[in-house]
Amino acid sequence: NAGVMQNPRHLVRRRGQEARLRCSPMKGHSHVYWYRQLPEEGLKFMVYLQKENIIDESGMPKERFSAEFPKEGPSILRIQQVVRGDSAAYFCASSPPDRARETQYFGPGTRLLVL
Amino acid sequence: GESVGLHLPTLSVQEGDNSIINCAYSNSASDYFIWYKQESGKGPQFIIDIRSNMDKRQGQRVTVLLNKTVKHLSLQIAATQPGDSAVYFCAEKIKGAQKLVFGQGTRLTINP
């Protein structure tokens with residue numbers, strides 16, 4: 001009965017490198033959400049995906065950030081050419097396909113540090 | 001509403017006392033609300049939720065109250081324990097959307 005899984009838990013990158021964050025939703029969940037959290041702040045929505053579809057990317061920066069949720073495998077949040085301002089905790093959440101069950105369950109997060 | 005990056009409000013209570021954490025939400029079109037607990041270095045953990053057609057919901061040691069007139073949400077924790085020490089966030093979901101909008105958060109400290 002595993003919950004939402006994220007890896008890596010910690011990621012260190014130098015400016016200009018790429019960061020790839022992975023998220024496996026809870027079993028039976030087909031909706032995935034990515035949020036970003038800066039220290040001492042609440043989580044900020046980035047993107048909402050279903051299998052092979054991006055449903056809402058209104059919180060994604062226009063450049064360097066992309067997300068996917070392929071038919072097989074985990075959801076990936078990709079940050080190209082990272083900058084120091086990308087340092088944050090990135091959380092993935094999942095929810096079941098039943099729209100009446102809206103609760104989003106969060107993973108442990110990936111803490112990205114850009115040097 | 002949206003976090004504004006200020007220092008987190010803090011609340012200290014004695015172990016065994018009751019605590020009340022408040023949250024003002026931003027959008028009158030929100031129809032679903034959740035309280036999350038976040039411990040240091042961990043992800044948000046679901047505590048309790050409530051839909052906009054209700055004004056009160058109870059769980060184990062927790063109660064959520066919703067006042068739509070003033071757009072206010074509160075979380076009551078009864079008989080607090082050391083393990084309740086954490087940051088608590090309210091989150092709202094606007095009707096028709098799936099994303100959650102998180103509040104600023106409140107740091108709760110339980111004193112022995």
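Preceding block: the structure.
Residues numbered from 1 in each chain as written. Chains lettered and ligands numbered in written order. Predicted model: local features only at pLDDT ≥ 70, side-chain atom pairs only at ≥ 80, totals over all residues. Heavy atoms only, no water.

A. Seen up close, the overall build of chain A. If you tally the helices and strands in chain A, you get zero helices and eleven strands. On C-alpha atoms alone, chain A measures out to a radius of gyration of 13 Å, which is about the 13 Å that the 2.2 N^0.38 rule sets for 115 residues. Dimensions of chain A, computed from C-alpha atoms along their principal axes, come out at roughly 40 × 25 × 25 Å. When each of the 115 residues of chain A is scored for burial, the buried share is 44%. By sequence separation, contacts in chain A at least 24 residues apart represent 52% of the contacts at least 6 residues apart. Of the roughly 5,900 Å² of accessible surface on chain A, 47% is carried by carbon and sulfur atoms. Computed over 18 positive and 12 negative side-chain charges, the inter-centroid distance for chain A is 7 Å. (Helix = DSSP H or I, 4+ residues; strand = E, 2+ residues; numbered from the N terminus. Rg over C-alpha atoms; globule rule 2.2 N^0.38 Å. Buried < 20%, exposed > 50% of the residue type's maximum accessible area, 1.4 Å probe, protein only. Contact = heavy atoms within 4.5 Å. Areas by Shrake-Rupley, 256 points an atom, 1.4 Å probe, with all protein chains shown as cover. Lys, Arg positive; Asp, Glu negative; His and termini not counted. Charge placed at Lys NZ, Arg CZ, Asp CG, Glu CD.)

B. Looking closely at the packing of aromatic side chains. Counted by the stated rule, this structure contains ten aromatic pairs over all chains. Taken together, A:Tyr35, A:Phe45, A:Phe106, B:Tyr36, B:Phe89 and B:Phe102 form an aromatic cluster joined through their ring pairs. (Phe/Tyr/Trp six-rings, centres within 6.5 Å; stacked < 30°, edge-to-face > 60°.)

C. Molecular detail of the pattern of salt bridges. Residue and element names in this part refer to chain B. Overall, the coordinates contain eleven salt bridges over all chains when judged by the stated rule. Residues Arg57 and Asp49 are paired through a salt bridge, measuring 2.3 Å at the closest nitrogen-oxygen approach. Where Arg61 meets Asp84, a salt bridge forms, and the shortest distance between an N and an O atom there is 2.9 Å. Here Asp84 lies in the loop between β7 (72-77) and β8 (86-94) and Arg61 lies in the loop between β5 (56-58) and β6 (62-67), a separation of 23 residues in the sequence. (Salt bridge = Lys/Arg side-chain N within 4 Å of Asp/Glu carboxyl O.)

D. How the structure looks around the pairing of strand β5 (residues 43-50) of chain A. Residue and element names in this part refer to chain A. The buried fraction of β5 amounts to six of the eight residues, a majority that puts the element mostly inside the structure. The pairing of strand β4 (residues 31-37) with β5 spans seven bridges and is classified as antiparallel. Each residue of the ladder has a partner; that of Tyr33, found in β5, is Tyr48. Linking β4 to β5, which pair antiparallel, is a turn of five residues; within it Glu40 sits at a positive phi near 65°. With three bridges connecting them, β5 and strand β6 (residues 53-56) associate as antiparallel partners. Residue pairing in the sheet places Tyr48 in a bridge with Asp56 of β6. (Pairing = 2+ DSSP bridges.)

E. Fine view of the state of the cysteines. As enumerated under the stated definition, the model contains two disulfides over all chains in all. A sulfur-sulfur distance of 1.8 Å marks the disulfide that ties A:Cys23 to A:Cys92. In this structure the cystine formed by A:Cys23 and A:Cys92 twists about its S-S bond by roughly -50°; its chirality is therefore left-handed. Of this pair, A:Cys23 sits in strand β3 (residues 19-24) while A:Cys92 is found in strand β9 (residues 88-95), placing the two residues 69 residues apart along the sequence. Overall, the relative accessible area of 0% leaves A:Cys23 in the buried class. Here B:Cys23 connects covalently by a disulfide to B:Cys90, the sulfurs 1.6 Å from one another. On the criterion of sequence distance, the pair formed by B:Cys23 in strand β2 (residues 19-24) and B:Cys90 in strand β8 is long-range, its members being 67 residues apart. (Disulfide = S-S within 2.5 Å.)

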